[in-house]
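Architecture at a glance
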Amino acid sequence: MSGPILIFDSGIGGLSILDEIRKVMPQQNCCYLFDNARLPYGELEESELISGCVSLITEQAKRINASIVVVACNSASTLVLPILRQQLSIAVVGVVPAIKPAAKISKRRHIGLLATPGTIKRPYTKELIDAFAEDCRVELFGSSELVMLAEAKLAGTAVDMQKLESLLAPIRTSELDTLVLGCTHFPILAAEIKQSLGQSVILLDSGKAVADRVLSLLKGNGLAKATSHKIVDYSAVFTTDGITQGLKERLVEEGFTSIEPHSSTNLR
């Protein structure tokens, strides 16, 4: 497979992963598929999340002859990776909350995971904590409202700082020193989260690690493109009937030249 990188998320939070991929692979074509019809994923039943994601991703990967699939969603990654790897002949990379690096750098041995409710309750998350942060106090904070604040910000709406302050209040009083942003939407709000929590709290996410992994796999398969003057193609595909003008303008600013609804409405 020699087509573009396929990046998938429930909404546009995965753009935080795309930004990291672009830094290390500026000449790689990318297709960004977002299932905004079912946003936010943190509220979905597991069976519904799995069936919808697998159908959308496998169909789109085959349609564009994708070179690799990046599931840029923690909620989905905790469930669909094994199934996707069974159904696709190309590499599939997921997003893992940065528990391991957080445990390594926390001076107080007190870290937090801010993620969607779905990610917080998954056995996979507990396994990560048990494996890499056994000697730390780990607090879990679940929020779907932050997902929608991030979506609104990228669509051009100012962040409601009063609401953000309220959502982050339990974290401010916890006295942790390291916070893992366990949803790809949350780095979009990193500046506002930092403003609320203060400079003493370190924020970590998995974006760079995912980009480095994608680069390594593409190089290993001889699919990483060298720097050239070729125009890079970025396409965006969504699952609703339409998107707001503000979001469309933001995607254009991000370099997307093709922005269109998914053609298979029966997959929504």
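A short tour of the structure in this document, coming up. Everything numeric here is computed off the predicted structure, so don't read it as measured data. (Residues numbered from 1 in each chain as written. Predicted model: local features only at pLDDT ≥ 70, side-chain atom pairs only at ≥ 80, totals over all residues. Heavy atoms only, no water.)

**Some words on the overall build of the protein**
For the protein, the helix and strand inventory stands at eleven helices and ten strands. Scaling as 2.2 N^0.38, a compact globule of 268 residues should have a C-alpha radius of gyration of about 18 Å, and the protein matches this with 18 Å. By principal-axis analysis of the C-alpha atoms, the protein measures approximately 50 × 40 × 40 Å. Counting all 268 residues of the protein, 55% fall into the buried class. Within the protein, contacts between residues at least 6 apart in sequence are counted, and of these 75% link residues at least 24 apart. On the protein, roughly 11,800 Å² of surface is accessible, and the fraction owed to carbon and sulfur atoms is 51%. (Helix = DSSP H or I, 4+ residues; strand = E, 2+ residues; numbered from the N terminus. Rg over C-alpha atoms; globule rule 2.2 N^0.38 Å. Buried < 20%, exposed > 50% of the residue type's maximum accessible area, 1.4 Å probe, protein only. Contact = heavy atoms within 4.5 Å. Areas by Shrake-Rupley, 256 points an atom, 1.4 Å probe, with all protein chains shown as cover.)

**Some remarks on the environment of G222**
Here G222 shows up in the loop between α10 (207–220) and β9 (234–238). Considering only alpha carbons, one finds G222 and S2, 220 residues apart in sequence, at a separation of 9.4 Å.

**Describing helix α9 (residues 190–197)**
Among the residues of α9, E192, I193, K194, S196 and L197 are the ones counted as buried. If you follow the buried residues of α9, they end up packed against β5 (110–115), α7 (145–154), α8 (161–172), β7 (178–181) and β8 (202–204).

**Comments concerning the sheet that holds β9**
Pairing is parallel across the open sheet formed by six strands, whose spatial order is β4-β3-β1-β2-β9-β10. Each end of this open sheet is capped by a strand with a single partner; those strands are β4 (91–94) and β10 (258–261). Mean inter-strand twist for the sheet, computed between neighbouring axes without regard to direction, equals 20°. Pairing of strand β1 (residues 5–9) with strand β2 (residues 30–34), which is carried by five bridges, proceeds in the parallel orientation. (Pairing = 2+ DSSP bridges. Axes fitted to C-alpha atoms, helices over the stretch in contact; angles between N-to-C directions.)

**Some words on the side chain of H110**
Assignment of secondary structure puts H110 in strand β5. For H110, a relative accessible area of 7% puts it in the buried group. For H110, the contacting residues outside a window of four places in its chain are R137, E139, S174, E175, L176, D177 and T178.

**As for the pairing of β10**
As paired elements, β9 and β10 share four bridges and run parallel to each other. Along β10, the bridge assignment pairs S235 with S258. What joins β9 to β10 is helix α11 (residues 245–253), and the crossover it makes is right-handed. (Right-handed = clockwise from strand over helix to strand, strands pointing away.)

**Let's talk about the pairing of β4**
In terms of strand pairing, strand β3 (residues 68–71) meets β4 through four bridges, oriented parallel. When the sheet's bridge partners are listed, V70 is paired in β4 with V93. With helix α3 (residues 74–87) bridging β3 and its parallel neighbour β4, the resulting β-α-β unit is right-handed.

**Remarks on the packing of α8 against α9**
α9 packs onto α8 with a crossing angle of 60° between their chain directions and a minimal axis gap of 9 Å. In this view, α8 runs oblique relative to α9, as classed from their interaxial angle. At the point where α8 passes α9, the crossing takes the right-handed sense. Between α8, through M161, L164, E165, L168, I171 and R172, and α9, the contact on the second element is made entirely by E192, I193, Q195, S196 and L197. Considered class by class, the residues forming the contact of α8 with α9 number six nonpolar, two polar and three charged. (Parallel < 35°, antiparallel > 145°, perpendicular 65-115°, else oblique. Left-handed = near helix turned anticlockwise from the far one by under 90°. Nonpolar A, V, L, I, M, F, W, Y, C, P; charged D, E, K, R; others polar.)

**Brief notes about the pattern of salt bridges**
A complete count under the given rule lists 13 salt bridges for this structure. Its salt-bridge partner being E145, residue K163 comes within 3.8 Å of it at the nearest N-O pair. With K163 in helix α8 and E145 in helix α7, this pair connects stretches of sequence that are 18 residues apart. Among the residues examined, K163 registers a relative accessible area of 35% and is labelled partly exposed. Where K153 meets E192, a salt bridge forms, and the shortest distance between an N and an O atom there is 3.0 Å. (Salt bridge = Lys/Arg side-chain N within 4 Å of Asp/Glu carboxyl O.)

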